[in-house]
Amino acid sequence: VVVEPDLATLATSLELHDLAKPIRDNRLTFLTSSDPGRLHERLARHNLRIMAGTRLISSPPADQLHGPFMARLRQAVADYVSMVRMGMMTLLLNNELTLRNVAGNLARYVASPPVQTLRQRFAGFPAVVVAAGPSLHATLPGLKRFADRLVIIAVQTALRPLLEAGIAPHFVTTLDYHELGQRFFQDLPPAALARVHMVAEPKAHWRVLDAFADAQHAGPSSAPTMISLLGNDQADLLLGRAAPAVDRLKAGATVAHLAFYLAQYLGCDPIIFLGQDLGFTNGTYYSPGTAIHRIWAGELNRFNSIESMEWQRIVRDPQALRRLTDIHDRPIYTDEQMFTYLQQFERDFADAPQQIIDATGGGVRKAGTTIMSFDDAAAQFATRPLPADLLAYRDQLTWWDADKLPAAADAIAERIEQVEQLEKVCVRTRDLLAKLVELLPKDLAAFNRTIIEVDEQRLWVRQHPEVLRLVIQVSQVAEYQRHQADRSLRINGTDGLEKRKFQLARDQAYVGAILTGCTRALAILRSAQERLAKRD
């Protein structure tokens, strides 16, 4: 990655050096501006290489000529590397959990209505994305005054404060991996919740979705469970031909990103943010009344207050704290995680055709937004009530279609058979690889005959690529390690006998990991099969 703001210098260097091949091979990228959106766009295709290892090298002449620019770009690239590493580690660590959650949600995925009915439904109306940052509490009275003129989308942590303030959002979003997320939907006022439509990522824990359904059923007896799941590659991989056609939204790091993408999908413009501090406004982490404060209640005493627990949450990792500027141009602290979220938001805002308004009233300054008070934003854009017919779909859709469940159950049964066959192939391949290790220095003729037997096992895998892709969902670390081994082999230039030894060791490790993945995938599939049978 070459950083050079002077295009004339760049042109001269390209005249003197033939760099056509690395450019053609997608191994050379030029950064000529400090625009964050452009930087993310240019670097995204190198994420796997960045994860494998990145070195930043400074050029003294460039620093002398363009010192401030180079400093900004070095920091921007370092921040991007940090974001990629956090994202990749999350993927590697959570992929098995994600597949388990998706499998647990398959009944809802096929039996609930898709989100297509929402596409551009609220075009031209303003949306409010409500997060649960420290500034939310102060903006709730204003939101209540304009609630009938705005499409209100709440993240799951903000749902309770909204309902307790007498504000029923139109939508709530969730993508919570952990079953503890069900606490956000417990003991809610059921009458207010009855008309809230949940839009969820299938990777959310199925107990979270069930908790929302139970909360809605606690209201009026005729109230349906209004849940729509977004399209998901893993769900489609599990179901094969039985997968429904469901629209996808862009993958977001947080539930607030999902809420923003939903606002775009609804066609809303402008999109107004509340409670999206992304920093420790006034030395606090959460808005008063959020579910986390209830979770902490059992730990409170005269020596341990809500305020002290908030502070402990902020300083739990001092090395991760970052000092930024808030919307009032004052210093504010955030942490590494929220800074990563900020980067993704700023990239999204740079690409968004909608006007983005930060009416949070506090928190980190966000590039690509217009800072306004909520009252000013509402007075300017919330000028007419939402027409009743835009919300009529809630009484028109079939919210649960059990007739679609048998096909899903058949698809999972077929997947179980296929993974069991892959397991047998892996066992046979493992034994053949062990035989190859013994034959390599002794009998090359027998070695080559055994290679043919290994290729016969690979043929089945090539004929059923979707089964391997399914198992890799719970073996992402093995896939990454294989990539690293191949990269090391290319870099080191190992050849001859040593190369074959290296390749065999790589293949043994990979097949062993895939075999373990088969065991884990089968456990997930059988659990999904049981859950589908119960919902039928």
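You'll find the structure just up there.
Remember, predicted model here, so these are calculated numbers, not experimental data. (Residues numbered from 1 in each chain as written. Predicted model: local features only at pLDDT ≥ 70, side-chain atom pairs only at ≥ 80, totals over all residues. Heavy atoms only, no water.)

Digging into the overall build of the chain
Right, so step 1: Check the secondary structure of the chain and you find 22 helices and twelve strands.
Right, so step 2: The C-alpha atoms of the chain give 27 Å as radius of gyration, which agrees with the globular expectation for 536 residues (24 Å, within 12%).
Right, so step 3: Along the three orthogonal principal directions, the C-alpha set of the chain runs to about 85 × 70 × 50 Å.
Right, so step 4: Sequence-distant contacts in the chain: of pairs separated by 6 or more residues, those separated by 24 or more amount to 76%.
Right, so step 5: For the chain, the computed accessible surface area is about 25400 Å², with 52% contributed by carbon and sulfur atoms. (Helix = DSSP H or I, 4+ residues; strand = E, 2+ residues; numbered from the N terminus. Rg over C-alpha atoms; globule rule 2.2 N^0.38 Å. Contact = heavy atoms within 4.5 Å. Areas by Shrake-Rupley, 256 points an atom, 1.4 Å probe, with all protein chains shown as cover.)

Digging into the side chain of Q234
Right, so step 1: If you trace the backbone, Q234 turns up in helix 11 (residues 233-239).
Right, so step 2: Excluding residues that lie within four positions of it along the chain, Q234 makes contacts with N95, T98, L99, V102 and Q473.

Concerning the packing of helix 18 (residues 405-439) against helix 20 (residues 465-472)
Two quantities define a packed helix pair, namely the angle between the helix axes and the distance between the axes.
Right, so step 1: Contact pair helix 18 / helix 20: the axes reach a minimum separation of 10 Å and the direction vectors enclose 85 degrees. In terms of their interaxial angle, helix 18 and helix 20 are classed as roughly perpendicular. Of the residues in helix 20, those in contact with R415, Q418, V419 and L422 of helix 18 are E466, V467, L468, L470 and V471.
Right, so step 2: Here the residues of the contact of helix 18 with helix 20 are counted per class, giving six nonpolar, one polar and two charged. (Axes fitted to C-alpha atoms, helices over the stretch in contact; angles between N-to-C directions. Parallel < 35°, antiparallel > 145°, perpendicular 65-115°, else oblique. Nonpolar A, V, L, I, M, F, W, Y, C, P; charged D, E, K, R; others polar.)

Quick word on the state of the cysteines
Right, so step 1: The final tally for this structure, using the stated rule, is zero disulfides.
Right, so step 2: C426 forms no disulfide, and the closest cysteine sulfur to it belongs to C518, at a distance of 4.6 Å.
Right, so step 3: A residue is classified by how much of its surface remains accessible, and C518, at 0% relative accessible area, is buried. (Disulfide = S-S within 2.5 Å. Buried < 20%, exposed > 50% of the residue type's maximum accessible area, 1.4 Å probe, protein only.)

Details of the pairing of strand 6 (residues 197-200)
Right, so step 1: Burial along strand 6 is two-sided: the residues H197 and V199 and M198 and A200 are all buried.
Right, so step 2: Here strand 5 (residues 171-174) runs beside strand 6; their pairing, made up of four bridges, is parallel. Bridge pairing in strand 6 links V172 to M198.
Right, so step 3: The pairing of strand 6 with strand 7 (residues 227-229) spans three bridges and is parallel. Along strand 7, the bridge assignment pairs M198 with I227. (Pairing = 2+ DSSP bridges.)

Some remarks on the nonpolar core
Right, so step 1: Ranked by size, the top nonpolar core spans 70 residues in total, and within it L143, L150, V151, F171, F260, L266 and F374 carry the most contacts.
Right, so step 2: When contributions to this core are tallied by element, the ones reaching two or more residues are strand 3 (127-130), helix 7 (136-145), strand 4 (151-155), helix 12 (255-265), strand 8 (271-274), helix 15 (336-351), strand 11 (356-358) and helix 16 (374-381).
Right, so step 3: In contact with F374, not counting residues within four places along its chain, are V128, G142, L143, F146, L150, I272, L274 and A359.
Right, so step 4: Grouped together as the second largest cluster of nonpolar side chains are 68 residues, Y109, A211, V425 and L504 included. (Core = buried A, V, L, I, M, F, W, Y, C linked by side-chain atoms within 4.5 Å.)

Details of the sheet that holds strand 4
Right, so step 1: Taking strand neighbours across the sheet as the criterion, the eight strands line up as 7-6-5-4-3-8-11-12 in an open arrangement whose pairing is parallel. Both edges of this open sheet fall to strand 7 and strand 12 (370-371), since each of them pairs with a single strand only.
Right, so step 2: Two strands pair when backbone bridges link them, and strand 8 and strand 11 are joined in this way by three bridges, in the parallel orientation. Paired with I271 across the strands is I356, a residue of strand 11.
Right, so step 3: Contacts from helix 16 reach strand 3, strand 8 and strand 11, with the element oriented near 160 degrees to strand 8.

Let's talk about the pattern of salt bridges
Pairs may arise between side chains of opposite charge once their charged atoms sit close together.
Right, so step 1: For the coordinates displayed, the defined rule picks out 26 salt bridges.
Right, so step 2: Among the salt bridges present, the one from R74 reaches D63, with a minimum N-O distance of 3.1 Å.
Right, so step 3: By relative accessible area, which is 30% here, R74 ends up partly exposed.
Right, so step 4: Salt-bridge contacts for R248 lead to D233; the nearest nitrogen and oxygen are separated by 3.1 Å. In this pair, R248 sits in the loop between helix 11 and helix 12 while D233 sits in helix 11, placing the two residues 15 residues apart along the sequence.
Right, so step 5: Because the salt bridges share partners, they merge into one network encompassing D455, R458, R482, R506 and D507. (Salt bridge = Lys/Arg side-chain N within 4 Å of Asp/Glu carboxyl O.)

Side note on the environment of Y109
Right, so step 1: Mapped onto the elements, Y109 comes out in helix 6 (residues 106-111).
Right, so step 2: C-alpha separation for the pair Y109 and S488, spaced 379 residues apart in sequence, amounts to 41 Å.
Right, so step 3: If near-sequence neighbours (up to four positions away) are discounted, Y109 is found in contact with P202, L229, L230, G231, N232, A235, D236, L239, P244 and V246.

What about the packing of aromatic side chains?
Right, so step 1: In the structure shown here, the tally under the stated rule is ten aromatic pairs.
Right, so step 2: Between F185 and F212, the ring centres sit 5.6 Å apart and the planes meet at 80 degrees, which makes this aromatic pair edge-to-face. In this pair, F185 is assigned in the loop between strand 5 and helix 9 (190-193) and F212 in helix 10 (residues 206-217), connecting sequence segments 27 residues apart. Summarising the burial analysis for this pair, F185 and F212 share the class buried.
Right, so step 3: An aromatic cluster of at least three residues, connected via ring pairs, comprises F260, Y261, F273, F345 and F349.
Right, so step 4: The ring of F339 carries R322 above its face, with NZ or CZ at 4.1 Å from the centroid.
Right, so step 5: Positioned above the aromatic ring of Y510 is the side chain of R482, whose terminal nitrogen or guanidinium carbon lies 4.5 Å from the ring centre. (Phe/Tyr/Trp six-rings, centres within 6.5 Å; stacked < 30°, edge-to-face > 60°. Lys NZ or Arg CZ within 6 Å of the ring centre and 35° of its normal.)

Observations regarding the environment of Q421
Right, so step 1: Tracing the sequence through the fold places Q421 in helix 18.
Right, so step 2: A sequence separation of 97 residues divides Q421 from C518, and the C-alpha atoms of the two residues are 9.6 Å apart.

Purely geometric numbers; function is a separate question.
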